[in-house]
Amino acid sequence: GYEPDFAKRCFDQIKGFGSYGFPESHAVSFARLVYISAWIKCHEPAVFCCALLNSQPMGFYAPAQLVRDAQEHGVEVRPADINLSGWDCSLERTPAPQGRLHPRHESMAADIQTTHALRLGLRQIDGFSEDWARLIESSRGRGFDSVRDLWLRTGLPPKALKTLAHADAFNSLGLSRRDALWAVKALQRAGDKDDLPLFAQAAMPELEPDAHLPPMPPGEQVIEDYRHLHLSLKAHPLRFLRRSLVAQGHVTAAGLAARPAGARVRMAGLVLIRQRPGSAKGVCFITLEDETGSANLVLWPKVFDRFRREAMSARVLQVQGRIQRRSE
């Protein structure tokens, strides 16, 4: 019932708002999410990291980088363990060190005496299923006292026990990787005895004497961590190569800041991220990480074509190039 001229003017007004109304409202809603996320990350870094790890796979950063960032912001990160971990990562209350609280927290709640440590969940173990983790949670009670106890009470298959041992998840029992694997192998032998008539006739002791296995070297421990957890709380792999890399003239990621723009440098690092967006006209972006931090590598199309296999598949890269820096 409106006059056409009035209706057209109303429509033109609405159309004019539409040209900026959606981006404006979208920006406001996104800014709100960003603010909330930033607040939680600033004031509760353990909560923030725990939530992100439990939401994997997602986003831009791998669990190793999320854990490292949390540690750099003062969060104590504890390993996955059969007696202490569930499927998801969790928070454990721990006394707050002096000076740990953010000043704003001190003014808001001066009586806060605890903070949170982050306990890695069994979901971080490569190849370990949620069903197995739920079995552990439902059967644990006051805790398992041996590998055999875990096996009998959960009915987990040997493959699951072996995966836990490889992931170094028996620390609460005082068992190293090798000791736990040795115990799992003994269970497999005991399980096979009932199926083999020859062994069924033999008198075999239920418990073996301690094998006194030699400890695994630190570097091998870290390799096993990355192989089965994709991260390590013990050390960074590049730390064990640093002496050799320094002798070859490599700089660390942190050391790049001291070099001037345009300087030619060499460095090595784990590959965190590879990106080759369609809008980049063939340019590949790679983020490398060593024990001191991360660095961003730009591979121009000619370089990428020459080193395509390494750029697309290598877990560790040794690179050389010129530093590009503007402002900070």
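Quick caveat: nothing in here was measured; it's all calculated off a predicted structure. (Residues numbered from 1 in each chain as written. Predicted model: local features only at pLDDT ≥ 70, side-chain atom pairs only at ≥ 80, totals over all residues. Heavy atoms only, no water.)

**With respect to the overall build of the protein**
Heads up, the condition is: Going along the chain from the N terminus, every DSSP run of H or I of four or more residues is numbered as a helix, and every run of E of two or more is numbered as a strand. Buried means the residue's accessible area, taken with a 1.4 Å probe over protein chains only, is under 20% of the maximum for its type, while exposed means over 50%, and partly exposed covers the values in between. Only heavy atoms enter the contact rule, under which two residues are in contact if any of them lie within 4.5 Å. For every accessible area listed, the method is Shrake-Rupley and the probe measures 1.4 Å; residues are considered covered only by the protein chains on display.
Per the secondary structure count, the protein includes 13 helices and seven strands. Here the protein holds 328 residues, and 34% of them are scored as buried. The long-range share in the protein, meaning contacts at least 24 apart out of those at least 6 apart in sequence, stands at 60%. Entry remark: accessible area of the protein is about 20800 Å², with carbon and sulfur atoms responsible for 57%.

**Examining unusual backbone geometry**
For the bond running from Gln 56 to Pro 57, omega is 0°, close enough to zero to count as cis. The topology assignment puts Pro 57 in the loop between helix H2 (45-54) and helix H3 (63-72). Residue Asp 168 is not a glycine yet carries a positive backbone phi of 65°. Tracing the backbone shows Asp 168 in the loop between helix H7 (158-166) and helix H8 (177-193). Classification of Asp 168 by relative accessible area gives buried; the value is 8%. In the Ramachandran plot, His 230 falls in the positive-phi region, its phi being about 65° despite a non-glycine side chain. Mapped onto the secondary structure, His 230 falls in the loop between helix H10 (218-229) and helix H11 (242-247).

**A short note on the layout of surface pockets**
Rules: Detection works on a 1 Å grid of protein atoms alone, calling trapped sets that fit a 1.4 Å probe cavities and calling open sets with protein on both sides within 12 Å along at least five of seven lines pockets, with lining residues defined by an atom within 4 Å of a point. Grid points are joined across faces, edges and corners, and a volume is the space filled by probe spheres set on the points.
Roughly 930 Å³ of internal volume is contained in the largest pocket. Along its surface, the largest pocket is lined by 27 residues, and Leu 297, Val 298, Val 319, Gln 320 and Gly 321 are the ones closest to its centre. Among the elements that make up the lining of the largest pocket, the one with the highest residue count is strand S7 (residues 316-322) (six residues).

**Things to note about the pairing of strand S5 (residues 284-290)**
Applicable threshold: A pair of strands is treated as paired once DSSP finds two or more bridges between them.
Across the seven residues that make up S5, a large majority, six, are buried. Here strand S4 (residues 264-275) pairs with S5 via five bridges, running antiparallel. In the strand pairing of S5, Arg 274 is matched with Ile 286. Between the antiparallel neighbours S5 and strand S6 (residues 293-299) lie two residues.

**Quick word on the confidence of the model for the protein**
Quick reminder of the rule: Per-residue confidence from the prediction method is given by pLDDT, with values spanning 0 to 100.
Per-residue confidence for the protein gives a mean pLDDT of 86; residues scoring 70 or more make up 87%. Taken as a whole, residues 107-113 scores under 50 in pLDDT and shows four contacts with residues more than four places along the chain or in a different chain.

**Remarks on the environment of Ala 46**
Inspection of the secondary structure puts Ala 46 in helix H2. A residue is classified by how much of its surface remains accessible, and Ala 46, at 5% relative accessible area, is buried. As for Ala 46 and His 116, which are separated by 70 residues in sequence, their C-alpha atoms are 6.3 Å apart. Beyond its immediate stretch of four places on either side in the chain, Ala 46 contacts Val 75, Leu 91, His 116 and Leu 118.

**Re the sheet that holds S5**
What holds strands together in a sheet is hydrogen bonding between their backbones, with the strands either parallel or antiparallel. Which entries qualify depends on this criterion: Fitting a line to C-alpha atoms yields each axis, with helices limited to the stretch in contact; the angle taken between N-to-C directions then spans 0 to 180 degrees.
An order of S6-S5-S4-S7 is seen for the four strands of this open sheet, with the pairing classed as antiparallel. What marks the edges here is a single partner per strand, and that holds for S6 and S7. Within the sheet, the average angular offset between the axes of one strand and its neighbour, ignoring direction, is 50°.

**Section: the packing of aromatic side chains**
Note the cut-off: Classification of ring pairs uses Phe, Tyr and Trp, with its six-membered ring standing for Trp, and accepts pairs whose centres are within 6.5 Å; under 30 degrees between planes counts as stacked, over 60 as edge-to-face, and the remaining range as tilted. Look at NZ for Lys and CZ for Arg. If either is within 6 Å of the ring centre and within 35 degrees of the ring normal, a charge sits over the ring.
Under the counting rule described, the total for this entry stands at two aromatic pairs. Judged by centre distance (5.4 Å) and plane angle (35°), the rings of Tyr 2 and Phe 6 are tilted. The class of Tyr 2 is exposed, set by a relative accessible area of 67%. Taking NZ or CZ as reference, Arg 239 lies 4.8 Å from the ring centre of Phe 240, over its face.

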